[in-house]
Each structure stands twice: as structure tokens, then as C-alpha cells.
Amino acid sequence: KVQMALENAAMILCDCQSIVNKIKQICPRRDEDFKVMPYGIIISETEPRTHNYDGKRPYIILSTRSWDYVHGTMTTLEAFKLAYLEKDSLRLILMGDGPDKNKVTEFIRTNKLQDIIYCPGTIPDKDMAKYHKAADLFISTPISDGVSVSFLEAMFYGESIVISDLPPYKEWRD
């Protein structure tokens, strides 16, 4: 069904070149059949953060992805736990919610990280800037992804970024 839909589409809109390449593996199409239109953020009412980490306060790591297997929430938590064992000034803001909520809360409780990991839930877009401005590092560990808005937001706010080594993100790195 997917191949039939791709074959019959008048145009295919993608968020990055790696998605175009993947579709071409499934269904060969001409380059002009594709439109690559990356997501973006609205910057009219905000400014990038203006501070750098000074070593005097906790180092804030921010994750804004949905709590599920595809977005690698448990990988993010495992990585944070290992880093925290090495440097106890780290803190994690784990935004969102999702199907892995029970696993996430159990992991935090079992590892006694309730005072170290802050889970504010799903945050309205209008409030995202304050979290990005407070963060020193953005982390996202999906197993599959296009270019996410959360990644673009982190770039805009000047956070250091740790992200999965996936083709869409390589386009930005290269």
C-alpha cells in the first residue's frame, strides 16, 4: 500500500534529504517529484540564550522528546544516570509524556533520581524558551527520526547538542 501511494503521489513532501533517499529506495522517483521543507521555529518573540556554563551552578541537560521507544527515552535516562555517577552536578529536565511513562517513573524511582531529574510534563510552545535558555545541553536519542523541531530549537538557543547518529542530523553536521 505504501509503495502504491508513493507511486501515485503527484508530489512528496519531506522534512530532510535522508527521507527522500529512503523513499527512493522503496519507489524510484524523479528529484523534481520531491519537495524538501525542513521544519522551523518561530523566533519573532524570543532571543537565543546569552550565558555559558560557569561551573558554579548545576549543569542542565534538556530532553524534550516524547517518552517512547522510538524517541529513545530509556536510552537518554541510562546515559544520564551514567554521566551523573561521574559528575553529580548534572541535572536533567525530562519534558513530555508518552507510552513509556511507567517505565520512566519506575527508572527514576529505582535509581533514586527523583531530586535530580525534573519532569515538568508537556510544556506549551509559548513556555519552551525559558527551558531552552536555562539548558546547557540538549539530548535526543531516537532510533529513527526526521529533523525534529526540538533539535532545531536547541540549535537556535545555542545549546550544546548530543543526538543520535542518524542521517537527518548528519545533513546538519556536514
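**Q** Quick question: what am I supposed to make of the overall build of the protein chain here?
**A** Helix and strand counts for the protein chain come out as seven helices and seven strands. Ordered by position from the N terminus, the helices and strands of the protein chain form the series α-β-α-β-β-α-β-α-β-α-β-α-β-α. By residue count, 41% of the 174 residues in the protein chain fall in the buried class. A sequence separation of at least 24 residues applies to 64% of the contacts in the protein chain between residues at least 6 apart. Just so you have it, the protein chain exposes about 10500 Å², and 55% of that area is on carbon and sulfur atoms.

**Q** Looking at this structure, how should I read the side chain of His-132?
**A** One can find His-132 in helix 5 (residues 128-134). Of the residues examined, His-132 reaches a relative accessible area of 0% and is grouped as buried. Engagement of the side chain of His-132 in a polar contact is seen with the side chain of Glu-153, the distance being 3.4 Å.

**Q** Where do I start with the sheet that holds strand 7 (residues 160-163) in this structure?
**A** As a general point, the strands of a sheet are linked pairwise by backbone hydrogen bonds and lie either parallel or antiparallel. With parallel pairing, five strands are arranged side by side in an open sheet as 5-4-3-6-7. The sheet is open, and its two edges are formed by strand 5 (117-121) and strand 7, each paired on a single side. With strand direction ignored, the average angle separating the axes of adjacent strands in the sheet is 20°. Pairing of strand 3 (residues 59-63) with strand 6 (residues 137-140), which is carried by two bridges, proceeds in the parallel orientation. Each residue of the ladder has a partner; that of Ile-61, found in strand 6, is Leu-137.

**Q** Explain the packing of helix 3 (residues 73-86) against helix 4 (residues 101-110) to me, please; I cannot follow it from the model alone.
**A** Helix packing for two helices is described by the angle between their axes and how far apart those axes are. Helix 4 packs onto helix 3 with a crossing angle of 10° between their chain directions and a minimal axis gap of 10 Å. The angle between helix 3 and helix 4 places the two elements in the roughly parallel class. Contact with helix 3, carried on its side by Thr-73, Met-74, Leu-77, Glu-78 and Lys-81, involves Lys-103, Val-104, Phe-107 and Ile-108 of helix 4 and no other residues of that element. The residue makeup of the contact of helix 3 with helix 4, split by class, is five nonpolar, one polar and three charged.

**Q** Please explain the packing of aromatic side chains as it appears in this structure.
**A** Aromatic rings in a pair are described by how distant their centres are and how their planes are angled relative to each other. Evaluated as defined, the whole model comprises one aromatic pair. Judged by centre distance (6.0 Å) and plane angle (20°), the rings of Phe-80 and Tyr-84 are stacked. Pair noted here: Phe-80 and Tyr-84 are both in helix 3, with a separation of four residues, about one helical turn. Looking at Phe-80, the relative accessible area reads 4%, which means it is buried.

**Q** What's the story with the pattern of salt bridges in this structure? I'm lost.
**A** It is possible for side chains of opposite charge to pair when their charged atoms get near one another. Within this structure, the stated rule accounts for seven salt bridges. Put simply, Arg-57 and Asp-136 hold a salt bridge, and the shortest N to O gap is 2.7 Å. Of this pair, Arg-57 sits in the loop between strand 2 (34-36) and strand 3 while Asp-136 sits in the loop between helix 5 and strand 6, and the two are 79 residues apart along the sequence. The class of Arg-57 is partly exposed, set by a relative accessible area of 25%. Residue class for Asp-136 comes out buried when judged on its relative accessible area of 3%.

Conventions used here
- Sequence order as written defines residue numbering, which begins from 1 separately in each chain.
- For this predicted model, a pLDDT threshold of at least 70 governs which residues receive local features, and a threshold of 80 or more governs which side-chain atom pairs are given and counted, while totals over whole chains, interfaces and linings are taken from all residues.
- Only hydrogens and water are removed before side-chain values are computed, so all heavy atoms of the structure are retained for them.
- The helix and strand labels rest on DSSP assignments: H or I over at least four residues marks a helix, E over at least two residues marks a strand, and numbering proceeds from the N terminus.
- Note on classification: 1.4 Å probe, protein chains only; a residue is buried when its accessible area is under 20% of the maximum for its type, exposed when over 50%, partly exposed between these limits.
- Contacts are assigned to residue pairs that have any heavy atoms within 4.5 Å of one another.
- Only the protein chains shown count as cover for residues, with accessible areas throughout obtained via the Shrake-Rupley method and a probe of 1.4 Å.
- Throughout this description, a polar contact denotes any pair of N or O atoms lying within 3.5 Å of each other; where both atoms belong to protein, one of them has to be capable of donating a hydrogen while the other can accept it, and for residues adjacent in sequence the pair is counted only when both atoms sit in side chains.
- One requirement defines pairing of two strands: DSSP has to find at least two bridges between them.
- Each axis is a line fitted through C-alpha atoms, and for a helix only the stretch in contact is used; angles between axes span 0 to 180 degrees, taken between their N-to-C directions.
- Should an angle fall under 35 degrees it is taken as roughly parallel, and over 145 as roughly antiparallel, whereas 65 to 115 is taken as roughly perpendicular and any remaining angle as oblique.
- Throughout, the ten residues Ala, Val, Leu, Ile, Met, Phe, Trp, Tyr, Cys and Pro are labelled nonpolar, Asp, Glu, Lys and Arg are labelled charged, and all others, Gly among them, are labelled polar.
- To pair, rings of Phe, Tyr and Trp, with the six-membered ring standing in for Trp, must have centres within 6.5 Å; the planes then decide the type, stacked if under 30 degrees apart, edge-to-face if over 60, and tilted in the middle.
- One speaks of a salt bridge when a side-chain nitrogen belonging to Lys or Arg is within 4 Å of a carboxyl oxygen belonging to Asp or Glu.

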